[in-house]
Amino acid sequence: MKGGLKTLLPVVKLFWSERSTSLALGAGLSALATLAGGGLLGLSGWFITASAFAGLTVASAMVFDVFMPSAGIRLLAIGRTATRYGERLVTHDATLKVLAALRERLFRGWAEPAAAAMMIRRPAKLLFRLMNDVDALDSLYLRVLVPAVVAILAACAVTVALCFVDPVLGGIAGLWLAVVCLGLSLIGGRMALKPGRRRAHAMEALRARSIDLVAGQTELAMVGQLQAQRIAIAEADRRLAKADDALNRIDCAVAAGFSLASTLLLTATLLTAALLAKQGTIGAPAAAFALLVAFAATEPFAAMRRGVLELGRTLLAARRIAPRLKAGTIVQAIARPGDGYAFQLTNVSAGHDEAAQPVLLDLSLSLTVGERLAVVGPSGVGKSTLLALLAGEIAPRGGAVNRLPATRLTQRSELFQDTVRGNLQLAAPSADDCRLREALAAASLLQDIEALPHGLSTRLGEGGAGLSGGQLRRLALARLLLRDTPLWLFDEPTEGLDAKTAQAVLDGLASAAVGRSLVIATHIRREATLADRIVLLEAGGIAGSALRGTPEFEMLLDRLRPD
Ligand SMILES: Nc1ncnc2c1ncn2[C@@H]1O[C@H](COP(=O)(O)OP(=O)(O)OP(=O)(O)O)[C@@H](O)[C@H]1O
């Protein structure tokens, strides 16, 4: 529990720093509404009993003041309705605004280079967490913090109110509420931690496995694993049901505990009040007042039940989210290179995984403005890593990276469920159809798109479904050509295209790139032919470099895959 509080602290701090006034106001209004409810019940009980007694004789009826108590009752009734309404408005508004700010912070945190790389490796899981964990945190304020504050304040008020009737009764009732009711909430929260966590994990597994089954149906059928996947889904579902069962049992036990605590408190108050009334220490109206106040006393604790049961999920969410909240801003100024350079790398080390050896080691390389560079080398040597570094997607672990703004065409570019136009306009939102057609023509795709019944307005499915693999590659390339950055980075731009189409694409690319600097990571001869210089990457560093027109350039070209 102590560790749990430590986990919640950064999230509570963030909540507080975002909307301290609204959050405090919401808690205050909630406490007022509860106190007004309890007061209303107690005062009404007192008033009804007192007026009944006053009506027994004409003399007492004449002197009985009906105005003050009835005005008090009206005030409490109106106050309770108004504060309840205000509390709902303020607490929900504050929570939604805090969660919106939290989402923004998290998205910024996940957009940091290292975090983004992690996101790419496990997109479904992380996206699910991003949505679900943030949602889980709405119960922290609404169902845990506010009810806890209200319950404690209400317990204090009940103690004070009962102390007016009889100090011993007030003291014992206060102690009962603090030990039994608060204890029940804490025990319930403690017991629900594990099943709450298990439920969240099982739900995550169930979703991920179901998505895998739907998205990878063909592959699973081909490798004979459909049945195994079904069994895995059923297993996650069984775990979810088991966790739900455990939480329901705890819920019932805590509810029964509160009922018992409330009944015992009520019985004890009834007996004490009856005894005191019999002794003549208090009158019947005060006894009725005490009874009804005791009746309302445990209600605020019972309101904590739902939050207490969700504590496991809330803590898990806070634990996952907290590290990302520390992340700074992603907008880091690009260190510009010297005059006449597109980039300058000086003794750079870089990699994807902090725990693993860097992929690039002490690498120094530069490119002048307008120059075209091909980076070649064995598979897995770090060509894409070099492009990611130049695009600012990963941060260097050592050395200096100075570069002009760059755009990168990755090996597996993502296309979206949108029209062809929408996919292209991601790179240039204000580009008109004429400019989009120019980019498509440069990527040798214009004819294909114009042959479609709806042309640029053709809708693509998820991941660009509806076009062939080669067409999707060229669409991604056309999108990059719309990015007006001085440095373009290509990762095997014509991989998967037939020789004729590939050559047309490379010709279009060469003319679109006039005046810009290019880096092409490649295994294919036709792509490297475009370059003014080829560098050979080996063992994390530059193992060779050759300028166009030299025999070494030809030798490096000869090492590449023929067209
Ligand atoms: N996102 C990633 N997370 C962790 N490691 C990665 C990631 N991407 C690449 N790597 C690792 O970095 C190393 C270099 O990979 P990289 O993709 O840069 O090689 P490459 O030269 O471009 O290979 P290829 O020619 O096959 O595309 C490899 O060992 C690879 O496993």
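Residues numbered from 1 in each chain as written. Predicted model: local features only at pLDDT ≥ 70, side-chain atom pairs only at ≥ 80, totals over all residues.

- Looking at an unreviewed UniProt entry, one finds the protein named ATP-binding cassette subfamily C protein CydC and attributed to Rhizobium lusitanum.
- According to UniProt, the comment filed for the protein under the heading Subcellular location (unreviewed entry) is "Cell membrane".
- Quoted verbatim from the Sequence similarities (unreviewed entry) heading of the UniProt record, the comment on the protein is "Belongs to the ABC transporter superfamily." (UniProt positions renumbered as here; feature names shortened; annotations may be inferred.)

Quick notes on the environment of S457
Phase 1: Assignment of secondary structure puts S457 in the loop between α17 (446–450) and α18 (469–481).
Phase 2: A count of 12 C-beta atoms within 10 Å places S457 in the exposed class.
Phase 3: Taking the C-alpha atoms as reference points, S457 and T419, 38 residues apart in sequence, are found 5.3 Å from one another.
Phase 4: With near-sequence residues (within four places) excluded, S457 lies in contact with T419 and R421. (Helix = DSSP H or I, 4+ residues; strand = E, 2+ residues; numbered from the N terminus. Buried ≥ 20, exposed ≤ 12 C-beta atoms within 10 Å, placed from the backbone. Contact = placed C-beta atoms within 7 Å.)

Structural notes on helix α14 (residues 383–390)
Phase 1: Of all eight residues in α14, eight are buried, a share of seventy percent or more.
Phase 2: When we look at burial in α14, the residues that qualify are K383, S384, T385, L386, L387, A388, L389 and L390.
Phase 3: G392 occupies a position one or two residues after α14 and carries a positive phi of about 80°.

Focus: the sheet that holds strand β6 (residues 487–491)
Phase 1: Pairing within the open sheet is mixed, and its six strands lie in the order β5-β6-β7-β3-β8-β9. Strands with a single pairing partner mark the edges of an open sheet, and in this sheet they are β5 (406–409) and β9 (541–547). The average angle at which neighbouring strand axes cross in this sheet is 20°, direction not considered.
Phase 2: Each of β3 (372–376), β8 (533–538) and β9 is contacted by helix α21 (residues 551–558), which is oriented at about 120° to β9, the strand it contacts most. (Pairing = 2+ DSSP bridges. Axes fitted to C-alpha atoms, helices over the stretch in contact; angles between N-to-C directions.)

Examining the site of the ligand
Phase 1: Not every one of the 13 residues close to the ligand is listed here, only the nearest: H352, S379, K383, S384 and T385.
Phase 2: No other element matches α14, which puts three residues into the shell around the ligand.
Phase 3: When grouped by side-chain class, the residues that make up the shell around the ligand number four nonpolar, seven polar and two charged. (Near = placed C-beta within 6 Å. Nonpolar A, V, L, I, M, F, W, Y, C, P; charged D, E, K, R; others polar.)

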